[in-house]
Amino acid sequence: MRRLPYEGVAVAVPVTVPYRRYSTHGAHWFVGAAMDALVERSGIQKDRIDGLTVSSFSLVPDTAVGVTQHLGVSPRWLDHIPTGGASGVMALRRAARAVQAGDADIVACIGADANHVESFRLMLGGFSHFARDASYPYGSGGPNSIFAFITAHYMRTYGATREDFGRICVAQRANALRNPNALFKVPLTMAQYLDARPIADPIHLFDCVMPCAGADAFLVMREERARDLGLPHVLVRGAIERHNAYADDPVLLRGGWLVDRDDLYAQAGVRPADIDFVQTYDDYPVVVMLQFEDLGFCEKGEAKEFVRTRTLTHDGEFPNNTSGGQLSAGQAGCAGGFLGMVEAIRQLSGEAGERAVKDARLGLVSGFGMVTYDRCLCTGAVILERASR
């Protein structure tokens, strides 16, 4: 069945509640701070925002409906999207369809999470039934061991080296130095990357995302509404999502993007070579390589050559994760799935400052989330275009 286009949908007002390593504030506080920033920056009264999506791991036992009471809002359209690193793309897709259908006029999409020692431990133990019953009781707590398993399998299969992963991490740190919201503020050299202490073979320190607290958010509305309000905005040209793809693969080597990427580019009427920058989900560098391959920027198994022959910084041949990504900005839970979205909006609406990609017109944002023992279950991607000025 032919997918209806996303014609006429605008995305605007990218906001970040600055990440912090630890915080005593709960997720509700970060959601509220993000909503406050959306209202202040847009000039739109809170009661005119009639749609809301919320993504968070640490809201429990509340969901998005609990947030409405906490914030004093009464949306006519509501969604709760707990898909981790895929949540930003999926929030945009659902909000875009709600706006097109007239179910909401202006939708606030918010990803937020808290982080303190106890909240992280509770999330590890209760992340899913699989984590609770099949891995956590045996001492496999969290994603480091899972992605060590996936990384080792990828290296054996395709011959990638730690230096190949290091090229991604070093480039993203260079980008982060130009992002005032990034938590990492010092350069990273290849020697430092290679000499870092091991965490779970073959994963070393700088391969690992750093959990933190914070929030990211944006508004979705019709293009004419954004123009009437005088808001800088970008346009949605195509979007996809997929769940539990390639379930028969013994260990993750392919993501769901591969199933739907032709549809993605067809919606936008472009090819991979037309994309000016990419914001990949990057809790570990192996995932970035999977996205380069499965989104069609190189063939399967060739990401190692791809990163060896291209500069990945904001001013390079293939700008990737121009904010620094999660590996150098931090992962504020589900907000990590929104980080690439808000960065892409900033890049295409003239708000990226000194890390701006020159003459960027098209950006691709991809998401990846909900990890189990040997794979992640959720993938998504969106192509955004700079609006005419």
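Residues numbered from 1 in each chain as written. Predicted model: local features only at pLDDT ≥ 70, side-chain atom pairs only at ≥ 80, totals over all residues. Heavy atoms only, no water.

Section: the overall build of the chain
Here's step 1: For the chain, the count of helices and strands is 14 helices and eleven strands.
Here's step 2: Taking 2.2 N^0.38 as the reference for a compact globule, 389 residues should give roughly 21 Å; the C-alpha atoms of the chain span a radius of gyration of 19 Å, in line with that estimate.
Here's step 3: Each of the three principal axes of the chain carries a C-alpha extent, and together these read 55 × 45 × 45 Å.
Here's step 4: Taking all 389 residues of the chain together, the buried fraction comes to 60%.
Here's step 5: Summarising the internal contacts of the chain: among those between residues at least 6 apart in sequence, 77% fall at separations of at least 24.
Here's step 6: For the chain, the accessible surface area stands at approximately 15,300 Å², while carbon and sulfur atoms represent 51% of it. (Helix = DSSP H or I, 4+ residues; strand = E, 2+ residues; numbered from the N terminus. Rg over C-alpha atoms; globule rule 2.2 N^0.38 Å. Buried < 20%, exposed > 50% of the residue type's maximum accessible area, 1.4 Å probe, protein only. Contact = heavy atoms within 4.5 Å. Areas by Shrake-Rupley, 256 points an atom, 1.4 Å probe, with all protein chains shown as cover.)

Some words on helix α11 (residues 285–294)
Here's step 1: In terms of burial, α11 is largely enclosed, as ten of its ten residues are buried.
Here's step 2: Those residues of α11 not exposed but buried are P285, V286, V287, V288, M289, L290, Q291, F292, E293 and D294.
Here's step 3: Buried positions along α11 lie against α6 (143–158), α7 (162–176), α10 (257–268), α12 (303–308), α13 (325–329) and β10 (362–371).
Here's step 4: Immediately downstream of α11, the backbone of G296 shows phi near 90 degrees, a positive value.

Let's talk about the packing of aromatic side chains
Here's step 1: Overall, the coordinates contain ten aromatic pairs when judged by the stated rule.
Here's step 2: Ring plane angle 50 degrees and centroid distance 6.5 Å describe the contact between Y154 and F165, whose orientation is recorded as tilted. Of this pair, Y154 sits in helix α6 while F165 sits in helix α7, and the two are eleven residues apart along the sequence. In terms of burial, Y154 and F165 fall into one category: buried. (Phe/Tyr/Trp six-rings, centres within 6.5 Å; stacked < 30°, edge-to-face > 60°.)

Notes on the pairing of strand β2 (residues 51–55)
Here's step 1: Judged by how many residues are buried, β2 sits mostly within the fold: five of five residues are covered.
Here's step 2: The side-chain alternation of β2 yields two buried faces, one formed by G51, T53 and S55 and the other by L52 and V54.
Here's step 3: Across five bridges, the pairing between β2 and strand β4 (residues 106–113) is parallel. If you follow T53 over to β4, its bridge partner there is C109. (Pairing = 2+ DSSP bridges.)

Focus: the pairing of strand β7 (residues 213–222)
Here's step 1: Where burial is concerned, most of β7 is hidden: nine out of the ten residues are buried.
Here's step 2: As paired strands, strand β1 (residues 9–20) and β7 are joined by eight bridges and run antiparallel to one another. Bridging across to β7, V17 finds its partner in A215.
Here's step 3: With eight bridges connecting them, β4 and β7 associate as antiparallel partners. Across the sheet, A108 pairs through a bridge with L219, a residue of β7.

Thoughts on the sheet that holds strand β11 (residues 376–386)
Here's step 1: If you trace the nine strands from one edge of the open sheet to the other, you get β3-β2-β4-β7-β1-β8-β11-β10-β9, paired in mixed fashion. The sheet terminates laterally at β3 (77–80) and β9 (277–279), the two strands that pair on one side only. The mean inter-strand angle of the sheet, taken between neighbouring strand axes irrespective of direction, is 20 degrees.
Here's step 2: In the packing of helix α2 (residues 64–71) onto the sheet, the strands contacted are β2 and β3, and the crossing angle to β3 comes to about 125 degrees.
Here's step 3: Across the sheet, helix α3 (residues 87–101) touches β1, β2, β3, β4, β7, β8 (233–243), β10 and β11, and the angle it forms with β7 is around 25 degrees. (Axes fitted to C-alpha atoms, helices over the stretch in contact; angles between N-to-C directions.)

Overview of the domain arrangement of the chain
Here's step 1: The domain architecture assigned to the chain consists of domain 1 (9–118 + 213–228) and domain 2 (126–209 + 235–386).
Here's step 2: Relative to domain 2, the C-alpha centre of domain 1 lies at a distance of 23 Å.
Here's step 3: With 39 residues of domain 1 at the contact, the number on the domain 2 side is 37 residues.
Here's step 4: Roughly 2,800 Å² of surface becomes buried between domain 1 and domain 2 when both sides are summed, with 71% attributable to carbon and sulfur atoms.
Here's step 5: When the area that domain 1 buries against domain 2 is broken down by residue, the three leading residues are P14, Y19 and V89, summing to 24%.
Here's step 6: R41 serves as the salt-bridge partner of E351, at 3.1 Å between the closest nitrogen and oxygen.
Here's step 7: Where domain 1 touches domain 2, the interface holds nine residue pairs in polar contact (both at pLDDT 80 or more). (Domains from an automatic or database assignment. Buried area = accessible area lost by both parts, 1.4 Å probe. Salt bridge = Lys/Arg side-chain N within 4 Å of Asp/Glu carboxyl O. Polar contact = N/O pair within 3.5 Å; in protein donor to acceptor, adjacent residues only side chain to side chain.)

Re the side chain of R346
Here's step 1: For R346, the position within the fold is in helix α14 (residues 336–348).
Here's step 2: In this structure, R346 is buried with no salt-bridge partner, the nearest side chain bearing the opposite charge being E343 at 4.8 Å. (Lys, Arg positive; Asp, Glu negative; His and termini not counted.)

Focus on empty space enclosed by the protein
Here's step 1: The tally for this structure, following the rule as stated, stands at four cavities of 30 Å³ or more.
Here's step 2: Computed from the structure, the largest cavity encloses a volume of approximately 90 Å³.
Here's step 3: As for the largest cavity, its lining consists of 17 residues, of which T280, Y281, G336, L339 and G340 are closest to the centre.
Here's step 4: Every element with two or more residues in the lining of the largest cavity is listed here: α13, α14 and β10.
Here's step 5: Of the residues assigned to the lining of the largest cavity, the class counts are four nonpolar, twelve polar and one charged. (1 Å grid on protein atoms, 1.4 Å probe; cavity = no way out; pocket = protein on both sides within 12 Å on 5 of 7 lines; lining within 4 Å. Points joined across faces, edges and corners; volume = space filled by probe spheres on them. Nonpolar A, V, L, I, M, F, W, Y, C, P; charged D, E, K, R; others polar.)

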